[in-house]
Amino acid sequence: MNIATARKWLVVASLSITGFMLLFCVTAPALSYPLEFAQSLRLVEIVVPVFFGYLGTATHFVFKKTRKVPLARPQARPLLGLLIKGPLLVYSVTTLAAILAFGLTNRSGAPPGSGMSVDELAMSFSILLGLLTVTTTVLVSYLFAAEER
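Every chain is numbered on its own, with residues counted from 1 as its sequence reads. This being a predicted model, a pLDDT of at least 70 is required before a residue's local features are given, and a value of 80 or more before pairs of side-chain atoms are given or counted; all residues contribute to the totals for chains, interfaces and linings. Side-chain metrics rest on all non-hydrogen atoms present in the structure, leaving aside hydrogens and water.

**Student:** Even after reading the chapter, I still don't get the pattern of salt bridges, so can you show me in this structure?
**Tutor:** Two side chains bearing opposite charge may form a pair once their charged atoms approach each other closely. Between Lys or Arg on one side and Asp or Glu on the other, a salt bridge is scored when a side-chain nitrogen of the former is within 4 Å of a carboxyl oxygen of the latter. The full count for this structure, using the stated rule, is one salt bridge. Here Arg-42 and Asp-119 are joined by a salt bridge, their closest N and O atoms 2.8 Å apart. Of this pair, Arg-42 sits in helix 2 (residues 37-63) while Asp-119 is found in helix 4 (residues 118-134), placing the two residues 77 residues apart along the sequence. The buried label goes to any residue with under 20% of its type's maximum accessible area, the exposed label to any with over 50%, and the partly exposed label to all in between, with areas taken from a 1.4 Å probe on protein chains only. Residue Asp-119 is classed as partly exposed on the basis of its relative accessible area of 49%. Note on conventions: DSSP H or I runs of at least 4 residues are helices, E runs of at least 2 residues are strands, and numbering of each starts at the N terminus.

Structure (structure tokens):
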């Protein structure tokens, strides 16, 4: 994966995840998903700022003056695609699984008291965002500071 492709992939993934989370959390309570609006918005305030940060860094890159910053070593470049796509894909799939599990365990036919709590759902989002913090945040800071040579 080259640097330009990596940048584009991060922007598209960040926009997609942000859009999905906003759409889901705003419509879920209205569509009888077992969340109240206040709970749903709490999830938005946990998840979305991370992706806003990635998008803000990308936006700054579009308008900044150029400067040379070291890029990944050539022998490390094959890992670039894996380190960019991997955490975002793990985050996306696992977030969907958590949303599905919450919905299923809190549906009207589920045994009382057996469902995942909103706090547990929020905790799963926080843990998954930790994965992005240790990987994607570092990549974003380098990719959007670097100029290809």
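**Student:** Looking at this model, I keep getting lost on a nonpolar patch on the surface. Mind explaining?
**Tutor:** A surface patch of nonpolar side chains, amounting to about 290 Å² of accessible area, comprises Leu-79, Leu-82 and Leu-83. Within the element layout of this structure, Leu-83 appears in helix 3 (residues 77-105). Patch building starts from residues that exceed 30% relative accessible area and form no salt bridge, then joins like charges within 9 Å and nonpolar side chains (Val, Leu, Ile, Met, Phe, Trp, Tyr) within 5 Å. Reported accessibility uses the Shrake-Rupley method at a 1.4 Å probe radius. Residues are deemed covered only where the shown protein chains occlude them.

**Student:** Would you mind showing me how to read the environment of Ser-14 here?
**Tutor:** Position of Ser-14 among the secondary structure elements: in helix 1 (residues 3-27). Ser-14 gets classed as buried once you look at its relative accessible area, which sits at 0%. When the C-alpha positions of Ser-14 and Leu-88 are compared, they lie 8.6 Å apart, and in sequence the two are 74 residues distant. Whether two residues are in contact is decided by their heavy atoms, any of which lying within 4.5 Å being enough. Once residues lying within four places of it in the same chain are set aside, the contact partners of Ser-14 are Phe-51, Tyr-54 and Leu-55.

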